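Observations on the model geometry
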Amino acid sequence: MSALAVIYLLLAELSDLVAAIVLSTTEWEGIGALLTLRHLLVFALFAVGFLRADLPAMLRWSCGAYLGVIGLYVLAGLGGEAGIGLVVRSAAKLALPAILVVAGFAALRTAVALRRYRVVLVCFGLASMVFGLWERQNTGFWTDFVEYGEYLSTTKEVLSGFRPDVFLPFNFYGYDQFEGLGLARRAAGLVASPLAQGTLLAFCALIGFAGLRTRSPWIAGLVLCLLGYGVYASGTRGALLMLVIALPLFIVLTQANLGRLGRDGVLLALGFAASFQALAAIYGYTVEMEDGSTIGHLWALQDNFINAGGVLLIGDGLGAAGTLAASADLDVTGGLEGAVFSALYQIGGPGALAFLWVYGAVIVLLFRRRQPGPEGEIAAAMVAFAVGASTSLVISDSLMSLSGMAPFWLAAGGVIASVAEPARRRADPVEAQGEAGERVA
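The present account deals with the structure reproduced in this document.

The rules behind each value
Residues numbered from 1 in each chain as written. Predicted model: local features only at pLDDT ≥ 70, side-chain atom pairs only at ≥ 80, totals over all residues. Heavy atoms only, no water. Phe/Tyr/Trp six-rings, centres within 6.5 Å; stacked < 30°, edge-to-face > 60°. Helix = DSSP H or I, 4+ residues; strand = E, 2+ residues; numbered from the N terminus. Buried < 20%, exposed > 50% of the residue type's maximum accessible area, 1.4 Å probe, protein only. 1 Å grid on protein atoms, 1.4 Å probe; cavity = no way out; pocket = protein on both sides within 12 Å on 5 of 7 lines; lining within 4 Å. Points joined across faces, edges and corners; volume = space filled by probe spheres on them. Patch = residues over 30% accessible without salt bridge, like charges linked within 9 Å, V, L, I, M, F, W, Y side chains within 5 Å. Areas by Shrake-Rupley, 256 points an atom, 1.4 Å probe, with all protein chains shown as cover. Salt bridge = Lys/Arg side-chain N within 4 Å of Asp/Glu carboxyl O. Lys, Arg positive; Asp, Glu negative; His and termini not counted. Charge placed at Lys NZ, Arg CZ, Asp CG, Glu CD.

Here we take up the packing of aromatic side chains. This model, assessed by the stated rule, comprises 20 aromatic pairs. Arranged with centres 6.5 Å apart and planes meeting at 20°, the rings of Phe 355 and Tyr 359 form a pair that is stacked. Of this pair, Phe 355 and Tyr 359 both sit in helix α14 (residues 339-367), separated by four residues, roughly a single helical turn. Looking at Phe 355, the relative accessible area reads 1%, which means it is buried. We classify Tyr 359 as buried; its relative accessible area is 5%. Considering the side-chain rings of Tyr 359 and Trp 409, the 6.0 Å spacing of their centres and the 70° angle between planes classify their relative orientation as edge-to-face. One end of the pair, Tyr 359, is in helix α14; the other, Trp 409, is in helix α17 (residues 402-418), and 50 residues separate them in sequence. As far as burial versus exposure is concerned, Tyr 359 and Trp 409 are alike and both buried. Following the ring pairs from residue to residue traces out a cluster consisting of Phe 131, Trp 134, Phe 141, Trp 142, Phe 145, Tyr 148, Tyr 151 and Phe 172.

Okay, structure coming up:
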């Protein structure tokens with residue numbers, strides 16, 4: 001079933017761009033079937049994975065509890081003011097991590113299947129990076145040919161957050177200390193979203209580096225640098241932070257000898273030297289609060305903590321918070337930042353804790369699969385990226401982004417399914433008797 005995982009990956013990443021192009025050139029509304037196919041495929045894979053007897057109990061119970069809480073809030077919200085469409089979409093967004101990791105467990109059952117998935121993913125990441133560099137310099141592709149703002153407002157019901165002069169989302173533009181606030185285009189890539197592009201390329205960079213490091217270390221370093229530059233071109237500081245945290249942690253987790261440590265140190269030093277000026281500029285205007293995005297993140301974080309007391313037990317309901325409600329130009333509770341806060345304000349403290357249970361279970365299961373060899377190194381890379389991505393628990397909802405994090409969640413399920421935990425060494429009976437005799441003597 002590895003082919004199904006690859007098909008779903010491409011559907012998840014390309015559906016917005018393909019649908020927008022088809023609608024702008026042919027006005028064929030039947031393209032919506034593409035989205036329906038994507039949903040049916042992932043739910044089928046989830047059902048197969050959840051019914052498998054070898055699904056780890058930790059994952060079964062955590063995902064079951066989390067999805068159960070979401071289901072209760074769906075039933076409670078069916079007759080509410082939010083509307084059934086927003087309720088269902090909000091529930092699907094919250095449920096995404098649990099559904100995808102179990103779907104990956106069903107589809108990527110062998111090391112060969114996981115390796116094919118990784119190759120497709122890294123190649124797609126490189127293609128999206130190259131396309132992003134091109135469309136970043138050719139904004140007319142989005143405004144004139146694709147008419148992307150029209151697609152978002154009419155098909156995806158995004159009613160706010162557009163820059164009026166070009167009718168593109170504000171996040172297509174970022175801060176540049178040389179060009180001025182709001183003038184620098186951010187690369188959206190094949191996923192048609194700068195935020196998702198950054199997260200996707202950060203994961204591709206780490207998983208590509210991990211897969212090539214042993215056999216072709218310099219090619220691994222080249223892939224890392226290319227995709228790392230793609231992350232920078234997307235203007236997504238959260239994704240840069242993920243990669244900056246995950247890469248050194250991965251190297252620490254996989255050190256087997258001093259020779260490898262020296263080689264990895266050289267690669268890291270070269271990469272740091274090449275990106276120092278860009279990283280220093282980003283650090284400077286972030287710390288100095290020169291851009292509106294940093295200020296907005298800080299205010300949102302404050303609002304989330306200040307107003308959390310009222311939803312510690314019972315949330316305000318699906319669609320009452322989160323980016324979907326904000327995009328629909330509705331009044332929302334909370335500060336709109338952070339995956340854990342998105343869960344907290346919609347499905348309450350128990351639901352937020354269940355989400356953290358799922359996230360923690362995935363990290364623990366991946367950590368247990370670290371071992372010498374290529375598969376064990378991929379498991380270590382997954383652990384490192386999960387730790388790096390945990391920064392978005394409080395500063396963004398990228399953990400629940402389909403095009404940004406679907407590749408990670410699917411791969412996490414695949415690693416859990418295809419990489420066996422190292423067998424614990426059992427004491428030899430003869431050796432144990434000898435040790436016991438020595439203690440008696």
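After that view, the rundown keeps rolling.
Per the stated rule, a full pass over the model turns up two cavities of 30 Å³ or more. One number sums up the size of the largest cavity: a volume of about 70 Å³. In this structure, the largest cavity is lined by Ser 90, Lys 93, Leu 94, Ala 321, Gly 322, Thr 323, Leu 324, Ser 342, Gln 346, Asp 397 and Met 400. Counting residues per element, the ones that place at least two in the lining of the largest cavity are α4 (84-107), α13 (323-327) and α14.

A contiguous patch of negative charge, built from Glu 27, Glu 29, Asp 144, Glu 147 and Glu 150, is present on the exposed surface. Within the secondary structure, Asp 144 sits in helix α6 (residues 140-146). The class for Asp 144 is exposed, based on a relative accessible area of 59%.

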